[in-house]
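# Working through the structure, step by step
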Amino acid sequence: MTHQVDTDFLALPLQAVSDAAIQSGLSLGASHVDVRIERVRTGVLQMRDTSPESQTDESVTGVGVRVIVNGAWGFASSPEISTTKAYELAKVAVAMAITSGPLSTEKIALAPEPVYASQTWVSEYEIDPFDISGEEKIARLADLNGRLLKSSTVTNASAFSMFVKEQKHYADSYGTSTTQQRVRMQTAIEAIHVSDKGFESMRTLAQPAGFGWEWMGNSVWNWDEEIAELPTLLAEKVAAPSVEAGRYDLVIHPSNLWLTIHESIGHATELDRALGYEANYAGTSFATVDNLGTLQYGSSQMNVTGDRLTPHGLSTVGYDDEGVAAQRWDIIKNGLLVGYQLDRRIAARAGQERSNGCAFADSPSHVPIQRMPNVSLQPNPDGPDLDGLIAGVEDGIFIKGDNSWSIDMQRYNFQFTGQQFHRIKNGKLVGQVKDVAYQATTTDFWRSMKAVGGPSTYVLGGAFNCGKAQPGQIAAVSHGCPAAVFDKVNVLNTVAEAGK
Amino acid sequence: MIAPQELIERITRAADYEDCIVIVEAKTQANLRWASSTLTTNGVIAEQSVTVIAFVSLPGGMAAGSVTRTNIELDEIADIAKAAGVAARAAGVAEDQAPLLTNTEVGSWSAPHIATGPDVFKTFAPQLGEVFKKSQSDSIELFGYAEHTHTTTWIGSKGGLRLRHDQPAGRLEMTGKSDNRNRSTWEGRATRDFSDVDLIGVDAAIRQRLEWQSRSNRIDAGRYQTVAPSGVMADMLAYLLWASPARDAAEGRSVFAKTGQVGRTRIGEQLAKLPINIFSNPNYKGLECNPFNVATSSSAYSSVFDNGLPQEQWDFVKNGHLNSLLAPRAISEANGLPYAMGGDNVIMTSPESSGDINSLIAKVKSGLLLTTVWYVRMVDPVTNLLTGLTRDGVYQVKDGEVIGAVNNFRWNESPVELLGRISAVGNTEITATREVEDLERTAAPAVIFEDFNMSTVSQAN
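Quick summary incoming for the structure in this document. Since this is a predicted model, take the numbers as computed values, not measurements.

All names here are of chain A. Bridging between strand β8 (residues 246–252) and strand β15 (residues 395–400) involves four bridges; their strand directions are parallel. Within β15, the residue paired with V251 across the bridge is F398. Here β15 pairs with strand β18 (residues 420–425) via six bridges, running antiparallel. Bridged to D395 within β18 is K425.

Under the counting rule described, the total for this entry stands at 59 salt bridges over all chains. The partner of E270 of chain A in a salt bridge is K468 of chain A, and the shortest N-O contact between them spans 3.5 Å. Of this pair, E270 of chain A sits in the loop between α6 (254–266) and α7 (271–275) while K468 of chain A sits in strand β22 (residues 459–468), and the two are 198 residues apart along the sequence. You can call E270 of chain A buried: its relative accessible area is 0%. In this structure, R207 of chain B engages D138 of chain B in a salt bridge whose closest nitrogen and oxygen atoms are separated by 2.8 Å. Taken together, the residues R207 of chain B in helix α4 (residues 199–212) and D138 of chain B in the loop between α3 (124–137) and β5 (141–157) connect sequence positions 69 residues apart. The class of D138 of chain B is partly exposed, set by a relative accessible area of 38%.

Glancing now at unusual backbone geometry. Note the cis peptide between Q470 of chain A and P471 of chain A, where omega equals -5°. Mapped onto the elements of the fold, P471 of chain A is located in the loop between β22 and β23 (473–481). One non-glycine residue, R411 of chain A, adopts positive backbone phi at about 65°. Positionally, R411 of chain A belongs in the loop between β16 (405–407) and β17 (413–416). By relative accessible area, which is 2% here, R411 of chain A ends up buried. Positive phi outside glycine occurs at N319 of chain B, with the angle close to 55°.

Our next topic: the sheet that holds strand β21 (residues 429–431) of chain B. Residue and element names in this part refer to chain B. Spatially, the six strands line up as an open sheet ordered β12-β11-β10-β13-β22-β21, and their pairing is mixed. In this open sheet, the two edge strands, each paired with only one partner strand, are β12 (321–322) and β21. In this sheet, strand β13 (residues 346–349) lies alongside strand β10 (residues 277–280) in antiparallel orientation, the contact comprising three bridges. By the bridge assignment, F279 is partnered in β13 with I347. Packed onto the sheet, helix α5 (residues 230–242) meets β10, β11 (314–318), β13, β21 and β22 (442–444) and runs at close to 115° relative to β22.

Okay, the packing of aromatic side chains next. Counted by the stated rule, this structure contains 28 aromatic pairs over all chains. Each ring, one from Y224 of chain B and one from F409 of chain B, has its centre 6.1 Å from the other, and the planes form 45°; the classification is tilted. Highlighted residues: Y224 of chain B in strand β9 (residues 222–228) and F409 of chain B in strand β19 (residues 408–413), separated in sequence by 185 residues. Each member of the pair Y224 of chain B and F409 of chain B is classed as buried. What links up through ring pairs into an aromatic cluster is the set F414, F416, Y438, F445, W446 and F486 of chain A. One residue, R391 of chain B, lies across the ring of W374 of chain B, its end atom 4.5 Å from the ring centre. Positioned over the ring face of W374 of chain B is R434 of chain B, at 5.4 Å from the centre of the ring.

Before going further, it helps to spend a moment on helix α3 (residues 83–100) of chain A. Three or four residues apart is the spacing at which side chains of an α-helix point the same way, because the helix has 3.6 residues per turn. The end-to-end C-alpha distance of α3 of chain A, which contains 18 residues, comes to 25 Å, matching closely the 26 Å that a straight helix rising 1.5 Å per residue would cover. Listed as buried for α3 of chain A are K85, A86, L89, A90, A93, V94, M96, A97 and S100 of chain A. Those residues of α3 of chain A that are buried are in contact with α2 (14–27), β2 (51–69) and β3 (72–78) of chain A together with β1 (19–35) and β2 (38–58) of chain B.

Together, E73, D75, E76 and D79 of chain B make up a region of like negative charge exposed at the surface. Turning to its location among the elements, E73 of chain B is positioned in the loop between β3 (61–69) and α2 (77–91).

Further remarks concern the environment of F160 of chain A. All names here are of chain A. With respect to the secondary-structure elements, F160 resides in strand β5 (residues 156–172). What makes F160 partly exposed here is its relative accessible area of 27%. The sequence separation of F160 and Q186 amounts to 26 residues, and the corresponding C-alpha distance is 8.1 Å. What F160 contacts, discounting residues up to four positions off in sequence, is V44, L45, Q46, Q186, T187 and A188.

Thresholds applied
- Residues numbered from 1 in each chain as written.
- Chains lettered and ligands numbered in written order.
- Predicted model: local features only at pLDDT ≥ 70, side-chain atom pairs only at ≥ 80, totals over all residues.
- Heavy atoms only, no water.
- Pairing = 2+ DSSP bridges.
- Helix = DSSP H or I, 4+ residues; strand = E, 2+ residues; numbered from the N terminus.
- Salt bridge = Lys/Arg side-chain N within 4 Å of Asp/Glu carboxyl O.
- Buried < 20%, exposed > 50% of the residue type's maximum accessible area, 1.4 Å probe, protein only.
- Contact = heavy atoms within 4.5 Å.
- Axes fitted to C-alpha atoms, helices over the stretch in contact; angles between N-to-C directions.
- Phe/Tyr/Trp six-rings, centres within 6.5 Å; stacked < 30°, edge-to-face > 60°.
- Lys NZ or Arg CZ within 6 Å of the ring centre and 35° of its normal.
- Expected span 1.5 Å × (residues − 1).
- Patch = residues over 30% accessible without salt bridge, like charges linked within 9 Å, V, L, I, M, F, W, Y side chains within 5 Å.
- Areas by Shrake-Rupley, 256 points an atom, 1.4 Å probe, with all protein chains shown as cover.
- Lys, Arg positive; Asp, Glu negative; His and termini not counted.
- Charge placed at Lys NZ, Arg CZ, Asp CG, Glu CD.

Pasting the structure below:
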């Protein structure tokens, strides 16, 4: 179903306010002005067993004005949306740019982009989650938790659901003007087993995506099937032996591999990071510009794309927050690093003809920065299905579901855990083990990828909570990937790591 | 925009249910960000949030529901009051219901928000320019961030709450890199108004650390006696605090649950060999913070029913023993535990503390000195096992002296276990976390951890 931008957002004085800020900024000496008027509504529902534990419904509305004066940025924002405030914000932003000038040796320039006047774009979703009553949401999660609690294995169940509607009007002094609306959903349900020996848990594998409330039915993700299986899988995990640390072939399911892609490829190929803009906070990258076109990032089977076009992708838009139209491009081709993620400023600095449209700000209070597009590992068109991948492994572990994650500030050394760890012997699953973490260096890991699953194994995974920049910003991003096989990866026993 | 006080009066009048609490938070901020010794972004930010919490009487008890909006106009007041009531009825009778505080006043209710702005940097910014110039001439690159925020919180209710608190907060972070970015270090400072920020001192500390890195060795992973600065201890404290809800422990699903005795917690158990205290106190000098509870929604940590209750000292760990876990009133009653609410600061002290970090280094025969920890994440909630990286410089210590830099590590450790492996404690100081920015007000000592588990080597600089 194709929705329209909500009429109550369109009823705001979008054009009058953006025109006022742009004209004011230009008249005060700015060479560039861009304006975002945003409303981001976020709902959270957290259930403890069958009762709501926490419930919020928060809407952030405001206007942000960014200018360039003599090659220096200035920015100001307010929750008040009026032409009077727009004039005032432009004045403050220009003053900030003038004050910043003496501290700025880099003269800001923006890569060119065609002008898109009066464009509208709305993401693909069926049911606005904010049209669903609180009672219905609570009832759905209570029902799913309740089914888990019927099992003697499940002592407690918790559910976390988050739903976001993002509305954004962008206008700049080149003449581009876009109005967009996006909706996204995520829900995770956890079954917990408590006994005299301690506690163990297992979470659902459903991946967040750009859907509406229809995602909570069974048409997109089969919740009924997963909830029915979870107690048995948890019971098996509770009884499972602790893993013996060592090197194993890993078959990694997309519900786990998306996060490894996010951390070791997604962030590593942000050009602002590679150039040092995030050095104080999020870090830098080993994939520096001198490696472009020469770094063998992974095996020859590795093909990674960036895009802002994937249907239901969390980073999918019509236009980015600098008025750049959505695109798709190669980041890694046959294992070779061939591309980066760019915004207009970084593209100009790197001598690129055009930004690939990765600018994003998470609120009207924050400046747009380069944020991650949907970064996805492509399946092998002729690759095997999941059973085929597992059948090719003599001695290994099949990992499903994400859990703990951590990677160093240059994106070399990472460690991930998961939800389910199924032992593979002679091509067959022979039961779960637990307490597994895998640890590797990025390029060693991706170069060890010896089999890539076919299209039937492909899943769009992702997260709502990718952090970057100061002041801190959050972005939602998707990562599609097939299941894949990695050769002799270092597996730790987390109980041993804890010194127990 | 409508003044916060007027908004509260109008919304509480419009609320047609038993009680209504309105929380208005006005925030202004100025920030500067830089990389490679040049300013990269800046901002002057104003934000305002209005949270309406409805308390609705239902058969069986009271329900609560909340709605938060940025900016409320006159014609939206009835809608937001109604929406909160709808949310409460949908939620049903609240598990955390407790009598609401009424008729209490704190602070200057009618005064407007005092905005911060770029002027807060009027001394700092020119100094920063000078430090940039000096770094450029000395082939040092500086990266960093300065932020000053002023937040005013008003809580008003139908029942006569009229509470107000003003909270200034600021932080400076500076990363220095040299030798083609192969050397890297960091300094962080927490401040209330930037008047006490010694930028020249920060620059000098960065230069000293970069110089220490002129001698470097590669060493293997393993367990090391490790000196952790106060900022590292502060990051570890965050993970202890996040595991502190009493309800999770009472249900057997927390590191503070008593294994084998579901329903019982580890309160009273000795965690540290040294007499260490971890607490929050809104009156702690230099870290003054909100003297009353503020909760826009309920969770395992706090309850909307406890809004406005006085925030007193909360002794989490006392004399090395787990003393108290966070328990809103209803949770405390249900589990037979005392009511305990954490404040907006955290402090770690010990009567056995003495000296600064250099006095701790002097005690180490063979070990490591950290600068910061990074990308810390929970691996196993059963033991509170964390993983993370060392960052911004790891130094080898021999016979009480720093002898050079070594490589970074991935580490795996539980802060609960680490409390038991603290062998020496320096003097408590106001400090800045590296990663956990939510913990804005922290005082902690530098410590020596015995047998810190460096799991693998990281190539990162």
